[in-house]
Amino acid sequence: MTRTMAGTMAGTVGALGCAAATRDGVRCTGPSPWTVPGGVRIERPSPDVFRLSRDSPGSRSVYYRVGYGRVEWGEDLGAFLTGEPYQTPDPGQLLALIHGTVPSPDATLLPGVQRLAVGTAVRVDSAGVTVTRQRPEPAEPGIGVAEAVGRALDGVKGDYAIAYSGGLASAFVAVSALAAGHRPVLLHADFGGAWGERPPAAPPPVPGLEIRYVPVDPAELFAHEPVSGREPVPPLPDTQVPLRLMDLLSESCGLPVVSGGLLKDLASARLSEADTGYRGWRLLGCEPFHITDTLRGLAEARELLSRNVVFSPGPGGREAPGERLVGKPAPPRPAGTASLPGLTQEGEEALSSSRHGMLARWKDHLDFLDPVSGRVVAGLEERGAGGALLPALDPQVIAAVAALRPARLGRIHRGAFRNHLPLERAVRKRRVYDVCRAPSGHWLRLGAVAHLHRERGRVHAWLERESALADLGVLDVGRVLAVLRDGRELAEHALPMLRLVWVCQLAAGTPMTTPGPAPVSVPAVLRLAPDVTLTRLPYGGSVLLNAVTLALAECGEPQAFVIDRLLVSGLSTADRDSPPAYLAAELVAKGWLTVCPAAGQEG
């Protein structure tokens, strides 16, 4: 009874490489045409051995599938779909994506298909296929961070432009290009005051470089309609909005665009790694501890630092966040984050299960990598490369940062924790002042608020029709619609709400397995077919039984919930091409349900 997704994006012949063990050695055919992505190695030390590995992070993902004595690999995930349908993500996975939990770096939604993570090696020889992990050896540093970024820019073929937001990272890329003798144009996305009443602040000038303003319509960036439901990787605004923006910037000048993305992730330190001064006296006035209260002494400060948190546990409450007793107040939520409102108990349980699984895999992977590479990998998976060239992914840049002690990356100064020090020094040296220091993704949250506020009438009507998660019983769509009507709540929950809209579009646009059953004309009344009985199970789900043929179909709780709804209220015109309509078509095609056309039926 699980709805499946057809291989509508199946790749062309030759889109996958294949290495197979034979009697005469290992026969290898590569994807055609294909250039090996940065950080990926393909080695043939002998005719009897093939090795595929990833030594450093990269903007191009590589996927592989292990079979009996063989491995297939390629960049196009759709190429693995050749005629084989796969299950759509379960509700827990979708809810985890909506809450910003990034899937583990080796995971895909296709059974048997893995992503080649940093440190992973796949070997094919006469003994078969083995997959191992080995921490990559960093490149030799030898130069500073700014010089390493300049050399990475030297490797760009031809002219290029820089995506310039006026932030610290993009300003650092601009001054590094100047130091390397380049004169790229700086492209600044001009949203025309779409995110507030006041005119947008002009980005700080970079002496010696031209800033070109590119008009951008935010509605074009944040619209969910381009999501077709056929994507093998669920598209989310966190990665797709920056990708659309970079496409617009590149089209405006006809040049490849370089971005400072991930540089702040790379050149950062934690407060616990900073020099706290003699007996830790600098901690007492440190800004992050004032979120809830003033600390009473150094013992509390050191205790909080050991847990990597910045909230005060309060009198008598010294347990870590994951060990809080029932009834104790939760630690304050980080600024700018909020969960999706309206989850049912079943939704909370599904989210908790999926999120714990994803986070456990992430912890294992980040513990395996060195801290600097781990920060880059995590940032890349969270926000993507955005379709731009990222100097932060260059092995020499990563090595230059890894050679710095944490105290060279961040320090406590005048009661505040100052981070990203190498970037700050290089920008000040070139007399670029007043750069924006908002966290990565701040503009995305602002854009989500403005977009949903502007389009909330249309989104409200669309969610009433297309909320697939509500049909599965994991979301109270009424609560979500109430948030859309309240401007204050909408601002608090904007990014999860926008992800919800995109995920619902993904679920609503997902086709059935080809060839699929004929759609049920709406409106329609649905009844059990003759000789078919429906039995509810005491622990959830239900069973369909044909008393004549003795055919049996077991339904999980989400499908049982939808079937109950179909039998009670049928399908209305608003259900056209919806997930319940797909399920109804499958049940009718297999003889479990029958259609009684409603009055005024539409074709």
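That block above? That's the structure.
Residues numbered from 1 in each chain as written. Predicted model: local features only at pLDDT ≥ 70, side-chain atom pairs only at ≥ 80, totals over all residues. Heavy atoms only, no water.

Turning our attention to the packing of aromatic side chains. Taken as a whole and assessed by the stated rule, the structure comprises two aromatic pairs. Ring geometry for F191 against W443: centres 6.5 Å apart, planes inclined by 25 degrees, an arrangement best described as stacked. Here the residue F191 occupies a position in the loop between β13 (185–190) and β14 (211–215), and W443 occupies one in helix α13 (residues 442–466), the gap between them amounting to 252 residues. The lysine or arginine in question, R133, covers the ring of F368, its NZ or CZ lying 4.3 Å from the ring centre. (Phe/Tyr/Trp six-rings, centres within 6.5 Å; stacked < 30°, edge-to-face > 60°. Helix = DSSP H or I, 4+ residues; strand = E, 2+ residues; numbered from the N terminus. Lys NZ or Arg CZ within 6 Å of the ring centre and 35° of its normal.)

Packing of helix α3 (residues 168–179) against helix α12 (residues 421–429) leaves a shortest axis separation of 9 Å and a crossing angle of 55 degrees. By the criterion of interaxial angle, the relationship of α3 to α12 is oblique. The element α3 and its partner α12 pack so that their crossing is left-handed. Between α3 and α12, the residues in contact are L168, A169, A171, F172 and V175 and P422, L423, E424, A426 and V427, respectively. For the contact of α3 with α12, a count of residues per class yields nine nonpolar, no polar and one charged. (Axes fitted to C-alpha atoms, helices over the stretch in contact; angles between N-to-C directions. Parallel < 35°, antiparallel > 145°, perpendicular 65-115°, else oblique. Left-handed = near helix turned anticlockwise from the far one by under 90°. Contact = heavy atoms within 4.5 Å. Nonpolar A, V, L, I, M, F, W, Y, C, P; charged D, E, K, R; others polar.)

Read across the open sheet, the five strands follow the order β3-β2-β7-β6-β9; overall the sheet is antiparallel. Two strands in the sheet have a free side with no partner beyond their single neighbour: β3 (25–29) and β9 (113–115). Looking at each pair of strands side by side, their axes are set apart by 20 degrees on average, direction ignored. Strand direction decides the pairing type here: strand β2 (residues 17–22) and β3, joined by five bridges, are antiparallel. Paired with A19 across the bridge in β3 is C28. (Pairing = 2+ DSSP bridges.)

Quick look at unusual backbone geometry now. The phi torsion at L262 lies on the positive side, around 75 degrees, for a residue other than glycine. Inspection of the secondary structure assignment puts L262 in the loop between β15 (257–258) and α6 (263–266). With a phi angle near 70 degrees, D531 is a residue other than glycine that sits in the positive phi range. Looking at the secondary structure, you find D531 in the loop between β18 (524–528) and β19 (532–536).

Two side chains carrying opposite charge are able to pair once their charged atoms lie near each other. Taken as a whole and assessed by the stated rule, the structure comprises 20 salt bridges. Here E210 makes a salt bridge to R212, at a shortest N to O gap of 3.9 Å. (Salt bridge = Lys/Arg side-chain N within 4 Å of Asp/Glu carboxyl O.)

To continue, consider α3. Because the α-helix completes a turn every 3.6 residues, residues three or four places apart line up on one side. End to end, α3 covers 16 Å across 12 residues, agreeing with the expected 16 Å (1.5 Å per residue, within 8%). The element α3 is extensively covered by neighbouring structure, given that 11 of its 12 residues are classed as buried. Buried within α3 we find L168, A169, S170, A171, F172, V173, A174, V175, S176, A177 and L178. Here the buried face of α3 lies against α2 (145–154), β12 (161–163), β13, β15, α6 and α12. Backbone geometry just after α3 places G181 at a positive phi near 85 degrees. (Expected span 1.5 Å × (residues − 1). Buried < 20%, exposed > 50% of the residue type's maximum accessible area, 1.4 Å probe, protein only.)

Taken together, the four strands give an open sheet; going across it, the order is β4-β5-β10-β11, and neighbouring strands pair in antiparallel fashion. Looking along the sheet, the strands with just one partner apiece sit at the ends: β4 (40–46) and β11 (128–133). Averaged over all neighbouring strand pairs, the angle between strand axes comes to 15 degrees, with direction disregarded. Across four bridges, strand β5 (residues 49–54) lies against strand β10 (residues 120–125) in antiparallel orientation. Bridged to R51 within β10 is R123.

Here the focus is the side chain of R383. Here R383 lies in helix α9 (residues 371–383). One polar contact links R383 to D265, side chain to side chain, over a distance of 2.4 Å. If we skip the residues at most four places from it in the chain, R383 touches D238, T239, L262, D265 and S440. (Polar contact = N/O pair within 3.5 Å; in protein donor to acceptor, adjacent residues only side chain to side chain.)

L249 and L463 are the most contacted members of the largest nonpolar core, which has 53 residues in total. Per-element tally for this core: the top contributor is helix α17 (residues 494–508), with 10 residues. When residues no more than four places from it in sequence are discounted, the contact partners of L249 are A163, L187, A189, V214 and V257. Grouped together as the second largest cluster of nonpolar side chains are 45 residues, I162, V173, A177 and A269 included. (Core = buried A, V, L, I, M, F, W, Y, C linked by side-chain atoms within 4.5 Å.)

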